[in-house]
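# Structural features, examined
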Amino acid sequence: MASLERGDQLSHKNIEISNRENHFVPIEQHQDPKGEDFNYAKRGQWLRAAILGANDGLVSVASLIMGVGAVKRDVMAMILAGFAGLVAGACSMAIGEFVSVYTQLDIEVAQMKREKRTNSAGNEEKPEDDQLPNPFLAAIASALAFAVGAVVPLLAAAFIKEHKVRLGVVLAVSSLALLVFGGVGAALGRTPMARSCARVLVGGWMAMGITFGLTKLIGSTGL
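Residues numbered from 1 in each chain as written. Predicted model: local features only at pLDDT ≥ 70, side-chain atom pairs only at ≥ 80, totals over all residues. Heavy atoms only, no water.

## Re helix 3 (residues 75-118)
End to end, helix 3 covers 64 Å across 44 residues, agreeing with the expected 64 Å (1.5 Å per residue, within 8%). Those residues of helix 3 not exposed but buried are Met-78, Ala-81, Gly-82, Gly-85, Leu-86, Gly-89, Ala-90, Ala-94, Val-101 and Leu-105. For helix 3, the side-chain oxygen to backbone nitrogen distance between the N-cap and Met-76 is 3.2 Å, and the N-cap itself is Asp-74. (Helix = DSSP H or I, 4+ residues; strand = E, 2+ residues; numbered from the N terminus. Expected span 1.5 Å × (residues − 1). Buried < 20%, exposed > 50% of the residue type's maximum accessible area, 1.4 Å probe, protein only. Polar contact = N/O pair within 3.5 Å; in protein donor to acceptor, adjacent residues only side chain to side chain.)

## Comments concerning the packing of aromatic side chains
Per the counting criterion, the structure on display carries two aromatic pairs. Among the aromatic side chains, those forming a connected cluster through ring pairs are Phe-98, Tyr-102 and Phe-136. (Phe/Tyr/Trp six-rings, centres within 6.5 Å; stacked < 30°, edge-to-face > 60°.)

## Concerning the confidence of the model for the chain
Note that predicted coordinates carrying low pLDDT should not be read in detail. On average, residues of the chain score 79 in pLDDT, and 73% of them are at 70 or above. The low-confidence segment residues 10-36, where pLDDT is below 50, has 14 contacts with residues more than four positions distant or belonging to other chains. (pLDDT = per-residue confidence, 0-100. Contact = heavy atoms within 4.5 Å.)

## Structural notes on the packing of helix 3 against helix 4 (residues 135-158)
Between helix 3 and helix 4, the least distance of the axes is 7 Å, while the angle of their chain directions is 165°. As judged from the angle between their axes, helix 3 and helix 4 are roughly antiparallel. Once helix 3 is placed against helix 4, the crossing between them reads as right-handed. Its residues assigned to classes, the contact of helix 3 with helix 4 comprises 23 nonpolar, four polar and one charged. (Axes fitted to C-alpha atoms, helices over the stretch in contact; angles between N-to-C directions. Parallel < 35°, antiparallel > 145°, perpendicular 65-115°, else oblique. Left-handed = near helix turned anticlockwise from the far one by under 90°. Nonpolar A, V, L, I, M, F, W, Y, C, P; charged D, E, K, R; others polar.)

This is the structure:
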């Protein structure tokens, strides 16, 4: 018996050493008050999707406002263009997310049915409903995230009368929001903060600059 116990201890130690050498890090799970396991990685994915949606809304509407501002000095024209972009973008994001997640849901349900048919024992536990993707929740979250990001440049442009100052404020506020979104995304993904913020900021500047420049060019040539 003593030799068997020593053998088991050595076996456990070998497994632990092997795991450390291979840098094996299990996915952290916690138990909710009901005693059920909860995977926080799923929550992180939803948060990252929300940050990306807000970033899309910010860049899209800010670029629209900058583009219209390149040829029109009227604040109402800029606000209307931005609001139309907010509504259209939120609807597009919601529909696209709904279709995408519903397709994923169909695939997972079909896979569950195949596994149930091929299960010879027939005594596996039924998967819980909250483990499956929810297309309606995904669509609503995507639309809200886009709208939250799109509101930022709209509010920045709404209260400034001077045209050039308005464009500068929109650019400054949008840049600050891009840095915040990039920082939050880096924190969630545990990626380098400076690199992530710079990538998001430069991408937003490029979108706004290209939209402003092309709209200015087309407006000045009368095309």
